[in-house]
Each structure stands twice: as C-alpha cells, then as structure tokens.
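The lines below spell out each chain.
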Amino acid sequence: MATESRPEDIISTLERLPMLTQSASRLLEISARADHDPREMMDIVRTDAVLTSRLLKVVNSAAYGLVHEVDTVERAVSFLGERMVVSLALENSIGSLLQQELPGYEARAGDLWRHDLGTAIASREIALRVRGACNPDQAFTAGLLHDIGKVVLSAFLLHSASELQEKVLGREDEDYAAAERNLLGINHTEIGHALAERWKLPEMLRAAIRHHHHPASAPEEHREIVYTVHLGDILAYMCGKGTGADQLFYHLDARYVEWIPLTADDIQRIIIAVNDEMGRLEESMQS
Ligand SMILES: [Fe+2]
Ligand SMILES: [Fe+2]
C-alpha cells in the first residue's frame, strides 16, 4: 500500500476527516494566545452543553474528592485549569480520532492520546521551570496536538515499521520522520501541518506540528515553543508514553539548551512530575 500512494493521495484523505467542533476550535485559538483572558475560555465552554456537563462531571469525580459539589463553569475551570478544559474539548471533538489504534505505528488504541497527554504535560512542566520561557498553557496545547499527522499517515504505513526501522539503523535515513518521507513522499509532520491548515489552527500550533522533530527549522518567533515541545516529546517517550514503532528512532536536538536551559536535575524533576500528573489526568478523564 505504501509504495503505491502518492503524497497527493494522502493529502486528499484529509477531506474525509472530521472538522473540530466550533468550541474546540475557539478554545485552541484562545489557549494559543499568550495574553488570553481565562474568562474568554469560560464564555466558550458555556456555549457547549456537552463540554460543560463533562467538565462538571470530571471536577466532581472521585479523583478530586471535593467535599462540596462544583456547579458552575467558573469554579470548574479555575479548579481544573485550562489544560483540562482544552484536553476535554479535544477529546469531545475528535476523541475517536485521537484514541484509535494506529497499526502503521504498531500503536494500540489509546497509545497516541497517552503520548499526546504525556508530551503536553512535559512541555508545560518545562515551560514552568524556565524563567521567561513560553506560556505553560500554550506549551501544553502545542504538545497535545504535535503528532496529529500520525492519525492520517498510519493507514499508509501498514507493514512498513521494520523496513523504516532498518533504514534508520542502517543510517540510510536520518530518523523515523525522514524514513516516512522517503517511503511516502510526506511525513507525519507535513501531513499534520496540512491538517492543521484545514482546521485553521493558529500559527503557533502549526509550527509545533510541522517542526517538532527539527525545531531549528521553525520560524524564529515560534522556535522556543517548538524546542519546548521537541524536548517534551522525548521526555514523554522516556516516561514510557510512546507511540510504538518510531520511539527509539528520534534524535534530540542538543541546541535546545540555547532556548530552554535545563539542568539534568530539572529533567529528573520533570520526569517525576509528568508521571504524577499523568496518573491524575488519566484518572479524572476516565470518570
Ligand atoms: Fe512526531
Ligand atoms: Fe511525539
């Protein structure tokens, strides 16, 4: 299947994918702006009855053990944080896409969503620890969407995983994304970027999706957040939140220290924080 597909054929499959709900689209747009007002998010949540009831269900779940029931959007959002609002909005909007099995990557159902959440949490933790770095909520949202292209490319990579791995190991290809490109003429970052354009995602999110494997190639105004997601992505793999076939075939761009100066000690703390937060987030989202 892989060798018969041209990039144009792969791009044309985007038309069959669902669009984001209006509320998810607006929430992503707001959270991608560094200077947004949290009240803007609350206004959007209030217009979406399904999202509102999901949010209230989560905040009142056993995972948070609150004594008094929360019954307003304001209190739910301020208690759960914007990251939970964005995660639930995406899950409500395109959850079936994000949680599906990705056979082309040998990833089980739910693996990509766990990897996305792990990357989002790690990216946010990085942003929280670096003084003057990008906004932690922006970093979270960018981490959540960075690998969206895999949901498209998976169908074209069936039975190709060992071939791609061998090419990276034999140094025929630089990394897994390069091997995807050499096989199909397009890789998951490029098709993800095309999907982000179709969904009209903000420029910052498009840059994170397009450049997260090679952050130095991102436009300068987005380079810091793209380096943050690049490192967050690798830390998610280190925490065991991978997507299957490609996880050991990914290079760290060591120039990240120029943008996000972290010590080995910081990285250890981030890994602990990711594992803690991941458990909490998964438990509350299962409610
Ligand atoms: Fe990726
Ligand atoms: Fe990733």
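Here, the structure is the one placed above.
Digging into the pattern of salt bridges
Any two side chains of opposite charge can pair, on the condition that their charged atoms come close.
Turning to step 1, where the next piece is worked out: A complete count under the given rule lists 21 salt bridges for this structure.
Turning to step 2, where the next piece is worked out: With a shortest N-O distance of 3.0 Å, R114 and D111 are connected by a salt bridge. Taken together, the residues span about one helical turn, with R114 and D111 both in helix α7 (residues 111-129) at a distance of three residues.
Turning to step 3, where the next piece is worked out: Notably, a salt bridge pairs R210 with E190, separated by 3.6 Å at the nearest N-O pair. You can see R210 sitting in helix α13 (residues 203-211) and its partner E190 sitting in helix α12 (residues 188-198), a full 20 residues away along the chain.
Turning to step 4, where the next piece is worked out: The class for E190 is buried, based on a relative accessible area of 17%.

Some thoughts on the coordination of the iron ion (ligand 2)
Turning to step 1, where the next piece is worked out: Distances from the iron ion (ligand 2) to its protein donors, H115 (NE2), H146 (NE2), D147 (OD) and D233 (OD), fall at 2.1 to 2.3 Å.
Turning to step 2, where the next piece is worked out: Around the iron ion (ligand 2) sit four donor atoms, and with donor-metal-donor angles ranging over 81 to 173° the site reads as irregular.
Turning to step 3, where the next piece is worked out: For the iron ion (ligand 2), the donor residues sit on a single chain with the sequence spacing H-x30-H-D-x85-D.
Turning to step 4, where the next piece is worked out: A residue is classified by how much of its surface remains accessible, and H115, at 0% relative accessible area, is buried.

Brief notes about helix α2 (residues 22-31)
Turning to step 1, where the next piece is worked out: Within the span of α2, buried status applies to S23, A24, L27, L28, I30 and S31. In an axial view of α2, the angular spread of the buried residues amounts to 165°, which keeps them on one side of the axis.
Turning to step 2, where the next piece is worked out: Buried-residue contacts for α2 involve α3 (38-46), α4 (49-59), α6 (82-98), α8 (136-145) and α13.

Description of the packing of aromatic side chains
Turning to step 1, where the next piece is worked out: Counted under the stated rule, the structure contains four aromatic pairs.
Turning to step 2, where the next piece is worked out: Measuring from centroid to centroid gives 5.5 Å for Y64 and F79, while their planes differ by 80°, and the two rings are edge-to-face. With Y64 in the loop between α4 and α5 (73-80) and F79 in helix α5, this residue pair connects regions lying 15 residues apart in the sequence.

Focus on the packing of α4 against α6
Axes are the key here: two packed helices are described by the angle between their axes and the distance separating the axes.
Turning to step 1, where the next piece is worked out: At a closest axis distance of 10 Å, the pairing of α4 and α6 adopts a crossing angle of 125°. The pairing of α4 with α6 is recorded here as oblique in orientation. Note that α4 runs across α6; the crossing there is right-handed. Between α4 and α6, the residues in contact are V50, L51, R54, L55 and V58 and M84, V85, L88, A89, E91 and N92, respectively.

Digging into the nonpolar core
Turning to step 1, where the next piece is worked out: Counting residues in hydrophobic clusters, the biggest one holds 96 residues, and the most contacted among them are L90 and L201.
Turning to step 2, where the next piece is worked out: It is α6 that provides the largest number of residues to this core, a total of nine residues.

With respect to the packing of α7 against helix α14 (residues 220-238)
Turning to step 1, where the next piece is worked out: Their axes nearest at 7 Å, the elements α7 and α14 cross at an angle of 125°. In terms of their interaxial angle, α7 and α14 are classed as oblique. For α7 against α14, the interelement crossing comes out right-handed. Contact with α7, carried on its side by H115, G118, T119, A122, S123, I126 and A127, involves T228, V229, L231, G232, D233, L235, A236 and Y237 of α14 and no other residues of that element.
Turning to step 2, where the next piece is worked out: Tallied by class, residues from the contact of α7 with α14 come to eight nonpolar, six polar and one charged.

Criteria and thresholds
Every chain begins its residue count from 1, and numbering advances along the sequence as written. Naming scheme: in the order in which they are written, chains are lettered from A and ligands are numbered from 1. The predicted origin of the model limits local features to residues at a pLDDT of at least 70 and limits the giving and counting of side-chain atom pairs to 80 or more, whereas totals for whole chains, interfaces and linings rest on all residues. Hydrogens and water are ignored here; the side-chain numbers use all heavy atoms of the structure. Should a side-chain nitrogen of Lys or Arg be within 4 Å of a carboxyl oxygen of Asp or Glu, the pair is scored as a salt bridge. Secondary structure elements follow DSSP: runs of H or I no shorter than four residues count as helices, runs of E no shorter than two count as strands, and numbering proceeds from the N terminus. Type-normalised accessible area, obtained with a 1.4 Å probe on protein chains alone, sets the label of each residue: buried when under 20%, exposed when over 50%, and partly exposed for intermediate values. In this listing, donors mean N, O and S atoms no farther than 2.8 Å from the metal, or 3.2 Å for Na, K and Ca; water is missing from the atoms, so a site can look incomplete. A site with four donors is called tetrahedral when every donor-metal-donor angle falls between 85 and 135 degrees; four donors are called square planar, and six octahedral, when opposite donors sit more than 155 degrees apart and all other angles fall between 65 and 115; any other arrangement is irregular. Think of the arc as the fan of directions from the helix axis to the C-beta atoms. Residues count as neighbours in contact if any of their non-hydrogen atoms are within 4.5 Å of one another. By convention, a stacked pair of Phe, Tyr or Trp rings (six-membered ring in the case of Trp) has centres within 6.5 Å and planes under 30 degrees apart, an edge-to-face pair has planes over 60 apart, and any other such pair is tilted. Between N-to-C directions, angles cover 0 to 180 degrees, with each direction set by a line fitted to C-alpha atoms, over the stretch in contact for helices. The scheme is simple: roughly parallel for angles under 35 degrees, roughly antiparallel for over 145, roughly perpendicular for 65 to 115, oblique for anything else. Definitions for this section: a left-handed crossing has its near helix turned counterclockwise from the far helix by less than a right angle. A right-handed crossing has that turn clockwise. Here, nonpolar core refers to any group of buried Ala, Val, Leu, Ile, Met, Phe, Trp, Tyr and Cys residues whose side-chain atoms link them within 4.5 Å. All amino acids are sorted into three groups, where Ala, Val, Leu, Ile, Met, Phe, Trp, Tyr, Cys and Pro are nonpolar, Asp, Glu, Lys and Arg are charged, and the leftover types, Gly among them, are polar.

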